[in-house]
Structure formats: structure tokens, C-alpha cells
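The chain contents come next:
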Amino acid sequence: MSVSLATKVGALGLTSPVLTASGTFGYGLDLAELCPPERLGGIVTKGLSPRPRIGNPPPRIVETAAGMINAIGLQNIGVEAFCRGPLPDLRRRGALVVVNVFGEVMDAYLEVIRRCEEEEGIAAYELNVSCPNVKAGGMEFGHDPGQLERLTALCRAATARPLWVKLSPNAPSLVDTARAAVAGGADALSLINTLRAMAIDAGARRPVLGTRCGGLSGPAIKPIALRMVDEVHRALPATPLVGIGGIETGRDAAEFLLVGASAVQVGTAVFRDPAAPLR
């Protein structure tokens, strides 16, 4: 018996509800031999900025008892290099591509989107307004409903493609920021991003990460992510949601669908099993 896993996130059709999470699957081709991107519902790219970023100083990642903390700092090759390099290969493979967009100022988000608008093969944009391990941009917008609504509206005016906003679990009120993103024109919301966290090297008597703090992901945050998806779904039942946080199995994914998500993104599990999204 054949089973269809096809679903929709708003108007965007997916062959399955499983995508990869930004920052965990590179630009979609890094793990292609183990997990072909065209066999997934879609891939969300590593966050792209107008120009390349070197990210934070090392150490930038540490394993925890139930996940990991990262402070990569949105290192990326820049939108131009992505459009000239990985994107044509992804297009040839027939992969569904969601471009994650980051900027230190609002105009930077618009610069990335405008460059991507020149290309075919991009299904949607996901605005990263929730990264907890960069010094400027991102999280400031995700924590201020007024700024978030304005940013979303500016990006909405720059494209006819579906626009997702990735919400921060560290915001004072997740529901308020969700409402702001929808008021600004978001077609869907992705939640949650990582939780601000810290690891200490007791022997060295100092923080493990070069930036002291970073973003916690993995199974440790799944119960929190489920609760937050449920809260936003109850507050905004007509808004499509993409669930993220500690998803390692099909059962985990089903739990997110049961509290209101239309699709899910697999992230930290990829570091242990690169084929986890496909499995």
C-alpha cells in the first residue's frame, strides 16, 4: 500500500512534511550522498547575509547531555556565492529550497531577498529574526513586535514568494511576536529557534564557548518547542506553522503535527545521523 506524505505550508506544497533546519544541513549539498535533498519535503539553507560572514571565534560548539549548544554566529558564504554555486545544483536536482535570510539591519534582509529574486528554484524565504548568538541584528527584531512587523512588511513587499518568519523562544512574548509577523504579512511561522544557554568547563574554570553563551538545541528543548507550537497554534489557528526542536524520529515529528504544525524541520539529529531527515 502506498502512502502519500504530501502536505502544504500555506500555499506551498511539499512532497513530505520533513525539511532540514537552517544551519544543520549546509547549503543542501554537503550531505547529498547520505541524504539526497530532492527526496525530502525541502531544505532550509544556512542563513544567508549580503556578504560572507566569518562567524564567531572558536570554540563554537559543545555537546550537552541532551543536545548541543552552538555559537557559530551565522557564518556563511554570502548570497552571491550561494546563487552562483549551490543553487543551480539544487535546481538541477529538483530540490525544494527555502532560503534562510539574515541581516544586521533591515536593509540587509532586503538585499538578500532582492538578489534571490533574480533566480529561479527558490520556493520560499525564512526570515531569521531569532539567532541568540550574534551581537547585532536578528534577535533584536524577533524580540520587538513593532520592529518585527515592520521588517516582515518590508520583506513581504519585496517578494511574491512565500515568506516564513522563524520565531525566538527567548522573546518576552512568543505569541505577541507571532501576531506581529502575521500582521506584517508572513505566510507561515517557523518555531522554535535555539534557547540561550551556557556550558562551563569546570576544570578550566571558564565557559566552554568563545562567546560564553550560545543556542541550545536537540532533545532537551523538544517539550518546550511542543508547548510553544501549541500556544501559537491556539492563538493563531489559521496560520501555518513549521515545528522545530529536538525532532529525531517519525514519532517526534507526529507529535508536532498533532499540536498544530503543518511540517517540521530536523536539525541537531543530523549531526549524529546525516540521513535522519530522510529516515
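Here, the structure is the one placed above.
Worth saying up front: this structure is predicted, and the values here are computed from it rather than measured. (Residues numbered from 1 in each chain as written. Predicted model: local features only at pLDDT ≥ 70, side-chain atom pairs only at ≥ 80, totals over all residues. Heavy atoms only, no water.)

**Student:** Outline the sheet that holds strand β10 (residues 188–191), listing residues and values.
**Tutor:** Spatially, the eight strands close up into a barrel ordered β3-β4-β7-β8-β9-β10-β15-β16, and their pairing is parallel. Across the sheet, the axes of successive neighbouring strands diverge by a mean angle of 25°, strand direction being ignored. Two elements, β10 and strand β15 (residues 241–244), share three bridges in a ladder whose sense is parallel. By the bridge assignment, L191 is partnered in β15 with G243. Sitting on the sheet, helix α5 (residues 145–158) touches β8 (124–128) and β9 (163–166), and the angle it makes with β9 is about 155°. Relative to the sheet, helix α8 (residues 250–258) contacts β15 and β16 (263–266), its axis offset from that of β16 by approximately 140°. (Pairing = 2+ DSSP bridges. Helix = DSSP H or I, 4+ residues; strand = E, 2+ residues; numbered from the N terminus. Axes fitted to C-alpha atoms, helices over the stretch in contact; angles between N-to-C directions. Contact = heavy atoms within 4.5 Å.)

**Student:** Give a detailed account of the packing of aromatic side chains, specifying residues and quantitative values.
**Tutor:** One pass over the structure, following the stated rule, counts three aromatic pairs. A ring pair is formed by Y109 and F141, whose centres lie 5.8 Å apart and whose planes are at 70°; its orientation type is edge-to-face. Of this pair, Y109 sits in helix α3 (residues 106–116) while F141 sits in helix α4 (residues 139–143); the two residues are 32 residues apart in sequence, bridging distant segments of the chain. Of the residues examined, Y109 reaches a relative accessible area of 0% and is grouped as buried. (Phe/Tyr/Trp six-rings, centres within 6.5 Å; stacked < 30°, edge-to-face > 60°. Buried < 20%, exposed > 50% of the residue type's maximum accessible area, 1.4 Å probe, protein only.)

**Student:** How would you sum up the side chain of N70? Please name residues and give values.
**Tutor:** As for its position among the elements, N70 is in strand β6 (residues 67–70). The exposure class assigned to N70 is buried, which follows from its relative accessible area of 16%. Within the local environment of N70, its side chain forms a polar contact with the backbone nitrogen of I72, the two atoms lying 3.1 Å apart. (Polar contact = N/O pair within 3.5 Å; in protein donor to acceptor, adjacent residues only side chain to side chain.)

**Student:** Tell me what's going on with the packing of helix α7 (residues 222–235) against α8, and back it up with residues and numbers.
**Tutor:** Two elements in contact, α7 and α8, have axes separated by 9 Å at closest approach and are oriented at 25°. What the angle tells us is that α7 and α8 run roughly parallel. Where α7 abuts α8, its residues K222, A225, L226 and V229 lie against D252, E255 and F256. (Parallel < 35°, antiparallel > 145°, perpendicular 65-115°, else oblique.)

**Student:** Outline the nonpolar core, listing residues and values.
**Tutor:** Proteins that are soluble and globular tend to have nonpolar side chains buried together. Formed by 69 residues in total, the largest nonpolar core has its most connected members in F82, V99, Y109, L127, V165, L189 and L191. If we skip the residues at most four places from it in the chain, V165 touches L127, V129, L148, T152, A181, A186, A188, L189 and S190. With 13 residues, the next largest nonpolar core counts L96, A123, W164 and V242 among its residues. (Core = buried A, V, L, I, M, F, W, Y, C linked by side-chain atoms within 4.5 Å.)

**Student:** Any chance you could break down the pattern of salt bridges for me, citing the residues and the numbers?
**Tutor:** Taken as a whole and assessed by the stated rule, the structure comprises 17 salt bridges. The partner of R93 in a salt bridge is E38, and the shortest N-O contact between them spans 2.9 Å. Of this pair, R93 sits in helix α2 (residues 86–93) while E38 sits in the loop between β3 (18–20) and β4 (42–44), placing them 55 residues apart in sequence. Look at R93 and you get partly exposed, because its relative accessible area is 34%. The shortest N-O distance in the salt bridge between E231 and R227 comes to 3.2 Å. Residue E231 and its partner R227 are both found in helix α7; the two are separated by four residues, about one turn of the helix. Residue classification places E231 among the partly exposed positions, given a relative accessible area of 33%. A single salt-bridge network, built from bridges that share partners, covers E80, R84, R91, R115, E118 and E119. (Salt bridge = Lys/Arg side-chain N within 4 Å of Asp/Glu carboxyl O.)

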